[in-house]
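# Per-entry structural report
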2 protein chains.
Amino acid sequence: MAIVECVPNVSEGRRRDIVDSMINAVGRVRDVRLLDHSSDPSHNRSVLTMAGDPAAVKAAVLALFEVAVPAIDLRSHRGEHPRLGVVDVVPFVPIAGVTMAECVVLARETASDIAARFEVPVFLYEAAATTPARTNLEDIRRGEFEGLAEKMASAEWAPDFGPPRPHPTAGATVVGARMPLIAYNINLATDRLDVAKQIAAAIRHSSGGFRYVKAMGIALEDRGIVQVSMNLTNHEKTPIFRVFEAVTREAARYGVTVLESEIVGLVPAAALIGAAEYFLQLERFRADQVLETRLRDERE
Amino acid sequence: MAIVECVPNVSEGRRRDIVDSMINAVGRVRDVRLLDHSSDPSHNRSVLTMAGDPAAVKAAVLALFEVAVPAIDLRSHRGEHPRLGVVDVVPFVPIAGVTMAECVVLARETASDIAARFEVPVFLYEAAATTPARTNLEDIRRGEFEGLAEKMASAEWAPDFGPPRPHPTAGATVVGARMPLIAYNINLATDRLDVAKQIAAAIRHSSGGFRYVKAMGIALEDRGIVQVSMNLTNHEKTPIFRVFEAVTREAARYGVTVLESEIVGLVPAAALIGAAEYFLQLERFRADQVLETRLRDERE
């Protein structure tokens, strides 16, 4: 069985009853599980993390729209976080037994259904983007709901699906496909913040490092140590073990050792199994040798 | 959801129709999957590997008895492999979300049902054994089916469940709980067989090494290299990464490096994730951070 993760961001983080209705709507869909949800009142925004069978995840997104579109009116929505729509962003994430290309197809099908059923225009982003100008979420969202009618009046910002103008109360939705984010930190056995900052600069994409690494050096004041704090945005292409090895080598340059590392939040099993394969020098290993994978694949 | 593996050994490896009936019987049980099966005509024995929900695995074992007991008569059974019963051995193996103690309970419940429904006496072995004399399968099986009536006549060999005499055609069954076996090999970048043999001697339990390691050194003639060939009998107490590190260090003693390692057959995800935790120096990591584990736990 394939597993897709989906992390819809909704523009409601204050009214508990509406958030609960959305949670319940997702919970009623078979073969999908809500793994996490959090609401931020100052952002006035909620993030739902769900995962399961691809068709079920799509059904859960539509169930979420069913509740959110009539309940939330962006004309009166205020919050610190930028937003374009009631259901603002819907990323699909391949976890197991599914490719990125399949998640792009799923994103397009979901976008088509959203447009048809709710008359909400949809922009495709990241791996599902139809033009490089729409790869980055922030470029699509610039101007926010308040500037959307004017933005969409230009041919350049015709939506990928749905009407060529914003939904009056629900704005527009950005749907796409991306790899899972892994929040990964490496703590160093030193209090030298300059060392953490120099290592972060060496390994992050923006300053010449690995393509799928965002990193910064920070001090953990209460523990008297420093941390290389990272987001790994594509663990298949920039694997966790390669980042660990690089940080370890860079630290040695300063006579510093790695104290420990940590993963914050969820991680796909494949990212850790890949690390085991690397360090154990495993050859001829296939994912279906993992007993749990075999169980999933053979489930009807 | 908990996952238990079960690997029944049945005394029939020649008549395809009977083996197929057993496979079909297991296949009809919900929430259990047959992961593998193999039949050896010279042993006249078949091994079925199944896994799933604990109650479902128990139901599948009883379904297997339902087919095997009427179809197989040990009085006319001939084969090279020692055997005591039609369904000879039934080990339950904890894979995920279940403890060894729970597998022992499952073994006892299954044994009780086997005795009640089929009038087959059952001996408990390994982690489920009721006395140290019954820990090892070979001690229970010594004398085989042909010597069983005489053996059971002594109070020392009263069964743990069922009648105090063999079933006339089905003998007795040995039911128990054990950890999963991991077949793990490390190939060395040398053709020096003495090095592989000395490393195997250093790390195996029988000659003073790790408690849950069986090992021997063999030559891979066609590749011109040697191998430390191992069975890891408890990956929680003697983890795969510790064995890898020890072999790597011992090899360095002879100026030899590890070329690669390999896992033959199935491995629980936890054994590989444990290796990732070790090498990445992961701290504060919980199994429920693995996305797939969360999905399993939350499934209804």
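Residues numbered from 1 in each chain as written. Chains lettered and ligands numbered in written order. Predicted model: local features only at pLDDT ≥ 70, side-chain atom pairs only at ≥ 80, totals over all residues.

### Focus: the overall build of chain A
Heads up, the condition is: Secondary structure elements are taken from DSSP: a helix is a run of H or I of four residues or more, a strand is a run of E of two residues or more, and numbering for both begins at the N terminus. The atom set for the radius of gyration is the C-alpha atoms, and the globule formula is 2.2 Å times the number of residues raised to the power 0.38. Residues with at least 20 neighbouring C-beta atoms inside 10 Å of their own are called buried, those with 12 or fewer are called exposed, and the rest are partly exposed, where every C-beta is derived from the backbone. Note on contacts: each residue gets a C-beta atom placed from the backbone, and two residues are in contact if those atoms are within 7 Å.
Across its full length, chain A carries nine helices and eleven strands. A globule of 300 residues ought to have a C-alpha radius of gyration of about 19 Å, and chain A, at 21 Å, matches this closely. Each principal axis of the C-alpha distribution contributes one length, and for chain A these read about 60 × 45 × 40 Å. Within chain A, the proportion of its 300 residues that are buried is 48%. In chain A, 71% of the contacts between residues at least 6 apart in sequence involve partners at least 24 apart.

### Section: the interface of chain A and chain B
So the rule is basically this: When residues are sorted by character, Ala, Val, Leu, Ile, Met, Phe, Trp, Tyr, Cys and Pro go into the nonpolar class, Asp, Glu, Lys and Arg into the charged class, and all the rest, Gly among them, into the polar class.
Facing 39 residues of chain A, the contacting portion of chain B comprises 39 residues. Residues of the side of chain A that touches chain B, tallied by class, amount to 25 nonpolar, five polar and nine charged.

### Some thoughts on the relation of the copies chain A and chain B
Short version of the rule: When the copies are overlaid, the least-squares fit takes in C-alpha atoms only where the residue has pLDDT of at least 70 in both copies.
With an RMSD of 0.0 Å, the operation that places chain A on chain B is a rotation of 180° combined with a shift of 0.0 Å along the axis. Read as a symmetry element, the transformation amounts to a two-fold axis. Residue Ala276(A) of chain A places its C-alpha closer to the rotation axis than any other residue of that unit, at 2.4 Å. Looking at chain A, 100% of its interface residues are interface residues in chain B too, so the copies touch through the same face.

### Comments concerning the environment of Gln227(B)
Residues and elements named next belong to chain B. Position of Gln-227 among the secondary structure elements: in strand 10 (residues 225–232). On the basis of neighbour counts, which here come to 22 C-beta atoms within 10 Å, the residue Gln-227 falls in the buried class. Gln-227 sits 35 residues away from Arg-192 along the chain, and the two C-alpha atoms are 9.7 Å apart. Excluding residues that lie within four positions of it along the chain, Gln-227 makes contacts with Asn-185, Ile-186, Asn-187, Ala-196, Ile-218 and Leu-220.

### Considering helix 5 (residues 144–152) of chain A
Residue and element names in this part refer to chain A. Just so we agree on the cut-off: Here, the arc refers to the directions that run from the helix axis to the C-beta atoms.
Every buried residue belonging to helix 5 is among Phe-145, Leu-148 and Met-152, and all of these are buried. Burial along helix 5 is one-sided: seen end-on, the buried residues are contained in an arc of 25°. Relative to its buried face, helix 5 has exposed residues pointing more than 90 degrees away, namely Glu-146 and Glu-150.

### Quick notes on the sheet that holds strand 8 (residues 182–188) of chain A
All names here are of chain A. The criterion, for reference: Pairing between two strands requires that DSSP report at least two bridges joining them. Between the N-to-C directions of two axes lies an angle of 0 to 180 degrees, each axis being a line fitted to C-alpha atoms and, for a helix, fitted only over the stretch in contact.
Strands sit in the order 9-10-8-11 across an open sheet of four strands; the sheet is antiparallel. Edge positions in the sheet fall to strand 9 (213–220) and strand 11 (258–264), since each has one partner strand and no second. Ignoring which end each strand starts from, the neighbouring axes of this sheet average 20° apart. Sheet topology places strand 9 next to strand 10 (residues 225–232); eight bridges connect them, and they run antiparallel. Its bridge partner being in strand 10, Met-216 is matched across the sheet by Ser-229. Contacts from helix 6 (residues 193–203) reach strand 8, strand 9 and strand 10 within the one sheet, and its direction differs from that of strand 9 by about 175°. Along the sheet, helix 7 (residues 240–252) contacts strand 8, strand 9, strand 10 and strand 11; its crossing angle with strand 8, the most-contacted strand, is approximately 20°.

### Some remarks on the sheet that holds strand 8 (residues 182–188) of chain B
Residue and element names in this part refer to chain B. Taken together, four strands build an open sheet; the order of strands is 9-10-8-11 and the sheet is antiparallel. On the outer flanks of this sheet lie strand 9 (213–220) and strand 11 (258–264), each paired with one strand and no other. On average, adjacent strands in this sheet sit at an angle of 20° to one another, irrespective of strand direction. By the bridge criterion, six bridges tie strand 8 to strand 11 in an arrangement that is antiparallel. In the strand pairing of strand 11, Asn-187 is matched with Glu-260. Of the strands in this sheet, strand 8, strand 9 and strand 10 are in contact with helix 6 (residues 193–203), which crosses strand 9 at around 175°. Contacting strand 8, strand 9, strand 10 and strand 11, helix 7 (residues 240–252) crosses the sheet at an angle of about 20° to strand 8.

### Thoughts on the environment of Glu221(B)
Tracing the backbone shows Glu221(B) in the loop between strand 9 and strand 10. Remark: the alpha-carbon pair of Glu221(B) and Asp191(B), spanning 30 residues in sequence, is separated by 8.5 Å.

### Quick notes on the packing of helix 2 (residues 54–71) of chain B against helix 3 (residues 100–118) of chain B
Residues and elements named next belong to chain B. Stated precisely, the cut-off is as follows: Oblique is the label for every angle not falling under 35 degrees (roughly parallel), over 145 degrees (roughly antiparallel), or within 65 to 115 degrees (roughly perpendicular). In a left-handed crossing the near helix is turned counterclockwise from the far helix by less than a right angle, and in a right-handed crossing that turn is clockwise.
At their nearest, the axes of helix 2 and helix 3 sit 10 Å apart, and the two run at 30° to each other. What the angle tells us is that helix 2 and helix 3 run roughly parallel. The element helix 2 and its partner helix 3 pack so that their crossing is right-handed. Across the interface between the two elements, Pro-54, Lys-58, Val-61, Leu-62, Phe-65 and Val-69 of helix 2 pack against Leu-106, Glu-109, Thr-110, Asp-113, Ile-114, Arg-117 and Phe-118 of helix 3. In terms of residue class, the contact of helix 2 with helix 3 is built from eight nonpolar, one polar and four charged.

### Concerning helix 3 (residues 100–118) of chain A
Residue and element names in this part refer to chain A. Condition: Helix span, as expected, comes to 1.5 Å for every residue beyond the first.
Here helix 3 contains 19 residues, and its C-alpha end-to-end distance of 26 Å stays within 8% of the 27 Å for a straight helix at 1.5 Å per residue. Looking at helix 3, one finds that the buried residues are Cys-103, Leu-106, Ala-107, Arg-108, Thr-110, Ala-111, Ile-114, Ala-115 and Phe-118. Looking at the buried residues of helix 3, the elements they touch are strand 1 (3–6), helix 2 (54–71), strand 5 (87–96), strand 6 (122–126) and strand 7 (173–177). Glu-119 lies just past helix 3 and shows a positive phi near 55°.

### With respect to the pairing of strand 10 of chain B
Residues and elements named next belong to chain B. For strand 10, a buried count of six out of eight residues is recorded, marking the element as mostly surrounded by other parts of the structure. In terms of strand pairing, strand 8 meets strand 10 through seven bridges, oriented antiparallel. Each bridged residue has a counterpart across the sheet, and for Ile-186 the counterpart in strand 10 is Val-228. Following strand 9, the chain reverses through four residues before pairing antiparallel with strand 10; Gly-224 in that reversal takes a positive phi of roughly 65°.

### A short note on unusual backbone geometry
Residue and element names in this part refer to chain A. Not every positive phi belongs to a glycine, and Glu-119 is a case in point at roughly 55°. By the secondary structure assignment, Glu-119 is in the loop between helix 3 and strand 6. On the basis of neighbour counts, which here come to 14 C-beta atoms within 10 Å, the residue Glu-119 falls in the partly exposed class. One non-glycine residue, Glu-144, lies in the positive phi region at around 55°. By the secondary structure assignment, Glu-144 is in helix 5.

### What to know about the confidence of the model for chain A
Any segment with low pLDDT has predicted coordinates that should not be analysed in fine detail. Selection criterion: pLDDT is a residue-level measure of predictor confidence that goes from 0 to 100.
For chain A, per-residue confidence averages 95 on the pLDDT scale, and 98% of positions sit at 70 or higher. The ipTM value of the predicted complex is 0.83, and its pTM value is 0.85.

### Side note on the nonpolar core
Rule in force here: Core membership is restricted to buried Ala, Val, Leu, Ile, Met, Phe, Trp, Tyr and Cys residues, and these are joined into a nonpolar core through C-beta atoms within 7 Å.
Among the nonpolar cores identified, the biggest contains 192 residues, and Val4(A), Ala68(A), Leu272(A), Val4(B), Ala68(B) and Leu272(B) are the most heavily contacted of them. Setting aside anything within four residues of it in sequence, one finds Leu272(B) in contact with Ile273(A), Ala276(A), Val290(A) and Val267(B).

### So, the environment of Asp53(B)
All names here are of chain B. Note on placement: Asp-53 falls in the loop between strand 4 (45–52) and helix 2. Taking the C-alpha atoms as reference points, Asp-53 and Asp-31, 22 residues apart in sequence, are found 6.0 Å from one another. Look past the residues within four positions of Asp-53 in its chain and what remains in contact with it is Met-1, Ala-2, Asp-31 and Val-32.

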